[in-house]
There are 2 protein chains.
Amino acid sequence: MTDVTLREVARASGCSIATVSRVLTGTRPVRPETARKVREAAESLGYRPNRVARALRSRSTGTIGLVLPQITNPFFPSLVREVEHALHAEGRAVLLADCDDDPKTETDRITTLLDRQVDALLVIPVDERHSRDAVETAAAQVPLVLLDRGCGPGVADSVATDNTTGMALVLDHLAATGRRRVCFVGASGTGSAAVERLAAYEAGAGALDPRAPERVELGDFSLEWGRAAVDRVLPSRPDAIVCANDLIAVGALQRLRQLGVDVPGEIAVTGFDDIPMADLADPALTTVRQPVRELAAEAARLLGRRLAGQQDGPRQSVRLAPELVVRASSAPRAASAQDADSTHTPEEDQ
Amino acid sequence: MTDVTLREVARASGCSIATVSRVLTGTRPVRPETARKVREAAESLGYRPNRVARALRSRSTGTIGLVLPQITNPFFPSLVREVEHALHAEGRAVLLADCDDDPKTETDRITTLLDRQVDALLVIPVDERHSRDAVETAAAQVPLVLLDRGCGPGVADSVATDNTTGMALVLDHLAATGRRRVCFVGASGTGSAAVERLAAYEAGAGALDPRAPERVELGDFSLEWGRAAVDRVLPSRPDAIVCANDLIAVGALQRLRQLGVDVPGEIAVTGFDDIPMADLADPALTTVRQPVRELAAEAARLLGRRLAGQQDGPRQSVRLAPELVVRASSAPRAASAQDADSTHTPEEDQ
DNA sequence: TTGAAAGCGCTAACAT
DNA sequence: ATGTTAGCGCTTTCAA
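The structure reproduced in this document is the subject of the present report. (Residues numbered from 1 in each chain as written. Chains lettered and ligands numbered in written order. Predicted model: local features only at pLDDT ≥ 70, side-chain atom pairs only at ≥ 80, totals over all residues.)

## A short note on the overall build of chain A
- Within chain A, the secondary structure is distributed over 14 helices and 12 strands.
- By the compact-globule yardstick of 20 Å for 350 residues, chain A is too spread out, its C-alpha radius of gyration being 26 Å.
- Along the first, second and third principal axes, the C-alpha set of chain A runs to 85 × 45 × 35 Å.
- Every one of the 350 residues in chain A was classed for burial, and the buried ones make up 47%. (Helix = DSSP H or I, 4+ residues; strand = E, 2+ residues; numbered from the N terminus. Rg over C-alpha atoms; globule rule 2.2 N^0.38 Å. Buried ≥ 20, exposed ≤ 12 C-beta atoms within 10 Å, placed from the backbone.)

## Describing the pairing of strand 8 (residues 240-243) of chain A
All names here are of chain A.
- Alternating residues of strand 8 divide into Ala240 and Val242 and Ile241 and Cys243, and every residue in both groups is buried.
- In the sheet, strand 6 (residues 182-187) pairs with strand 8 via four bridges, with the strands oriented parallel. Opposite Val185, over in strand 8, you have Cys243 as the bridge partner.
- As defined by bridge partners, strand 8 adjoins strand 9 (residues 268-270) across three bridges and the pair is classed as parallel. (Pairing = 2+ DSSP bridges.)

## Considering the interface of chain B and chain A
- Across the contact, 38 residues belong to chain B and 38 residues belong to chain A.
- Secondary-structure elements contributing two or more residues to the side of chain B that touches chain A are helix 4 (51-58), helix 5 (76-89), strand 2 (93-98), helix 6 (103-115), helix 11 (246-258) and helix 12 (276-280) of chain B.
- In terms of residues, the side of chain B that touches chain A owes the most to one element, helix 5 of chain B, which gives six residues.
- Here the residues of the side of chain B that touches chain A are counted per class, giving 17 nonpolar, 11 polar and 10 charged.
- Pairing of strand 2 (residues 93-98) of chain A with strand 2 of chain B, which is carried by three bridges, proceeds in the antiparallel orientation. Note that in strand 2 of chain B the partner of A:Leu95 across the bridge is B:Leu95. (Contact = placed C-beta atoms within 7 Å. Nonpolar A, V, L, I, M, F, W, Y, C, P; charged D, E, K, R; others polar.)

## A few points about the pairing of strand 5 (residues 157-161) of chain A
Residue and element names in this part refer to chain A.
- The buried count for strand 5 comes to five of five residues, which makes it a mostly enclosed element.
- Of the two faces of strand 5, the one holding Asp157, Val159 and Thr161 and the one holding Ser158 and Ala160 are both buried throughout.
- Here strand 4 (residues 144-147) runs beside strand 5; their pairing, made up of three bridges, is parallel. Bridge pairing in strand 5 links Leu146 to Ser158.
- Across four bridges, the pairing between strand 5 and strand 11 (residues 317-320) is parallel. In the sheet register, Val159 faces strand 11, and the bridge partner there is Val318.

## Considerations on helix 5 of chain B
Residue and element names in this part refer to chain B.
- Across its 14 residues, helix 5 extends 20 Å between first and last C-alpha, which sits within 8% of the 20 Å expected from 1.5 Å per residue.
- Burial of helix 5 is extensive: 10 of the 14 residues sit out of reach of the surface.
- Every buried residue of helix 5 is listed here: Phe76, Pro77, Ser78, Leu79, Val80, Glu82, Val83, Glu84, Ala86 and Leu87. (Expected span 1.5 Å × (residues − 1).)

## A word on the protein's contact with DNA strand C
- The full set close to DNA strand C counts 27 residues, and A:Cys15, A:Ala18, A:Arg31, A:Thr34 and B:Leu6 are the nearest of them.
- Among the secondary structure elements, those contributing two or more residues to the surface near DNA strand C are helix 2 (17-25) and helix 4 (51-58) of chain A together with helix 2 (17-25) and helix 4 of chain B.
- Classifying every residue of the surface near DNA strand C gives 12 nonpolar, nine polar and six charged. (Near = placed C-beta within 6 Å.)

## Examining the relation of the copies chain B and chain A
- With an RMSD of 0.1 Å, chain B superimposes on chain A once it is rotated by 180 degrees and translated 0.0 Å along the axis. Seen this way, the second copy is the image of the first under a two-fold rotation axis. Of the C-alpha atoms belonging to chain B, the one lying closest to the rotation axis is found on B:Leu95, 2.2 Å away.
- Comparing interface residues between copies, 100% of those in chain B also sit at the interface in chain A, which points to an isologous, same-surface contact. (Least-squares fit on C-alpha atoms with pLDDT ≥ 70 in both.)

## Remarks on the protein's contact with DNA strand D
- Neighbouring DNA strand D are 27 residues; A:Leu6, A:Ala18, B:Cys15, B:Ala18 and B:Pro29 lie closest to it.
- Broken down by secondary-structure element, the contributors of at least two residues to the surface near DNA strand D are helix 2 and helix 4 of chain A together with helix 2 and helix 4 of chain B.
- When its residues are assigned to classes, the surface near DNA strand D shows 11 nonpolar, nine polar and seven charged.

## Brief notes about the packing of helix 1 (residues 6-13) of chain A against helix 3 (residues 32-45) of chain A
Residue and element names in this part refer to chain A.
- Between helix 1 and helix 3, the least distance of the axes is 9 Å, while the angle of their chain directions is 125 degrees. The orientation of helix 1 relative to helix 3 falls into the category oblique. Of the two elements, helix 1 crosses helix 3, and the hand of that crossing is right-handed. Every residue of helix 3 that contacts helix 1 at Glu8, Val9, Ala12 and Ser13 is listed here: Lys37, Val38, Ala41, Ala42 and Leu45.
- Per-class residue counts for the contact of helix 1 with helix 3 are six nonpolar, one polar and two charged. (Axes fitted to C-alpha atoms, helices over the stretch in contact; angles between N-to-C directions. Parallel < 35°, antiparallel > 145°, perpendicular 65-115°, else oblique. Left-handed = near helix turned anticlockwise from the far one by under 90°.)

## Some points on unusual backbone geometry
- Of the consecutive residues A:Val263 and A:Pro264, the connecting peptide bond is found in the cis state with omega at 10 degrees.
- Tracing the backbone through its elements, the reader meets A:Pro264 in the loop between helix 11 (246-258) and strand 9.
- For the peptide bond that leads from B:Asp282 to B:Pro283, omega is 0 degrees, which places it in the cis range.
- In this fold, B:Pro283 is placed in the loop between helix 12 and strand 10 (287-289).
- For A:Asp100, which is not glycine, the phi dihedral falls at a positive 60 degrees.

## Looking at the sheet that holds strand 8 (residues 240-243) of chain B
Residue and element names in this part refer to chain B.
- Overall, parallel pairing links the four strands, which are arranged 7-6-8-9 in an open sheet. Of all strands in the sheet, those with a lone pairing partner are strand 7 (216-219) and strand 9 (268-270), marking the two edges. For this sheet the average axis-to-axis angle between neighbouring strands, irrespective of direction, equals 15 degrees.
- Contacts from helix 10 (residues 223-233) reach strand 6 (182-187), strand 7 and strand 8 within the one sheet, and its direction differs from that of strand 7 by about 150 degrees.

## Let's talk about the sheet that holds strand 5 of chain A
- Pairing in this open sheet of 12 strands is mixed, and the strands run 11(A)-5(A)-4(A)-3(A)-1(A)-2(A)-2(B)-1(B)-3(B)-4(B)-5(B)-11(B) from one edge to the other. Edge positions in the open sheet fall to strand 11 of chain A together with strand 11 (317-320) of chain B, since each of these has one partner strand only. Between one strand and the next, the sheet's axes are offset by a mean angle of 20 degrees, whatever the strand orientation.
- Examined bridge by bridge, strand 3 (residues 120-123) of chain A and strand 4 of chain A share three bridges and lie parallel to one another. In the sheet register, A:Leu121 faces strand 4 of chain A, and the bridge partner there is A:Leu144.

Structure (structure tokens):
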């Protein structure tokens, strides 16, 4: 099963391999008659260009490295999916690197990808600070776009969700549904999600209650912290718990249920990200949906731009607006009173 | 920032590029003295082999294509992670292809990967029947290992979980904890998971109750079906619902809660796969954990075997035993009576 | 518009 | 043990 090469197509179509190459890549005009013959020969021989040879010669593999902290993080699979589809649509392939949430591994993976001559890198950095060196070094060698998470200012082009807008959507929604004693359960990290969501809460919560911006508890982005945080915020008798992501929010829901607190009757709970679990929680979680497809598309666009030659335009930093997804966990109390005798939500009755 | 090539290392170390190549790849013995000089030169110049050139010459890219139905299927991320790590440890890289659960797309992705000269393919087929042609064609070109799902008999090497054993573990556990009126909620597909889990249930449930093997409802592997199926099995007054996967089981739990049925007090529920959601459900779901790491390791081993030259040994089909993970959803009724006044499970009190 | 020829950076014969 | 040389299959000058 020896592969068909350009040489054989050339022979079969009676012209030179250069002409065949031109027909197939469309880099130069070829007489229609010749082109047809070449195409027919290629077709009938079942010719498939060898991308490795092409890559060696043209210095472009058509391959993008996708570097992410941990594919098991529930927010990433849908992002990976969209990235894969967006890049495949442009004829590129994705080399996947999972960093085990470890910056050392991340450095290693990035090196490996560069050795494999990826045309560009799409990086979701493990850590705002500890990923920076590796990202900067890599960005000096190939076009690099940061996705979803930042990595210090001005390191590379970046695409991420606008956390500030997202948090504002949550606060507006809570205000509109009569919540006032809101509190925030966040994460103390230095990453953009932790920092920006907290800042946006502090900036916006004052409109609901002058003391709200002070009602803040910081831990990490985990279910466990969500559970623990409930006990810390409950003494302040909040009527809404705004969580910095869905994992925290689901943890909070679990603990609130355990304590017999009615959600959303007594307390509303909101998350951020809209991971699959958000819809499955009970009550289903009101959250902020990141525009996953658009993030992927934008990342692909930025990569394409750099690959097309705009190597040294200014760094571009794109923020995309997320969308509020209202579910049962923040239903207005008036509505929840209607079925206060049951624990299930209106949607579930359908 | 022009890349350093073998040629320059050769010049710097005062020997031929062939010798440098030998030192770096270890394909032939080299005098220690020379080797040291070469290594030093390579080191000081920051030489990195160009894997594309190496691939063109040696006809091996060191790249494996991983083809899967949908990365967003909650069982796959951990599998992808383990595969990535297992292959990376052998110096191979993973080209990821997401098929959108569509056999057409799958065919397309496989073609793309072959064009990119992957050394081998790891395929989780979209569909037992509709993936078969593409898989067979691909298997004729490169080593191919089927992962997690089969694709008809004798098509390629395969690695999967032993569904029969897994289901037996569930039934034994239910028997040991006093359940007798068991029933099964499965899927009607032709895939190995659907078929084998059903068959194992039918084979084993008779030991608990002669009529149990007849109490079977078949739909698909979804939450929605899990919810709907509850209403169909409830009239038979079961004391346990054995589900063919975790999604079905979580759907069942949701519906049971909605109906006010006590789990595990009145009815135990079990799943299969141990997706992340299983541990988060309320009550936490008793399920069968697929040996994800071992599946990945075994797949890597089979690939390595074929790549090492055993091109035409007999097809190998490996089945790995899963593990029962007992959680609250199948706690013995005696225990659940102790806190019958609350809806939460013992674990949650910690 | 086409062809001849020179490599891309490397490995593997084949020499020595 | 080492050097020389011929490509891997393709793209891209350079000529015609």
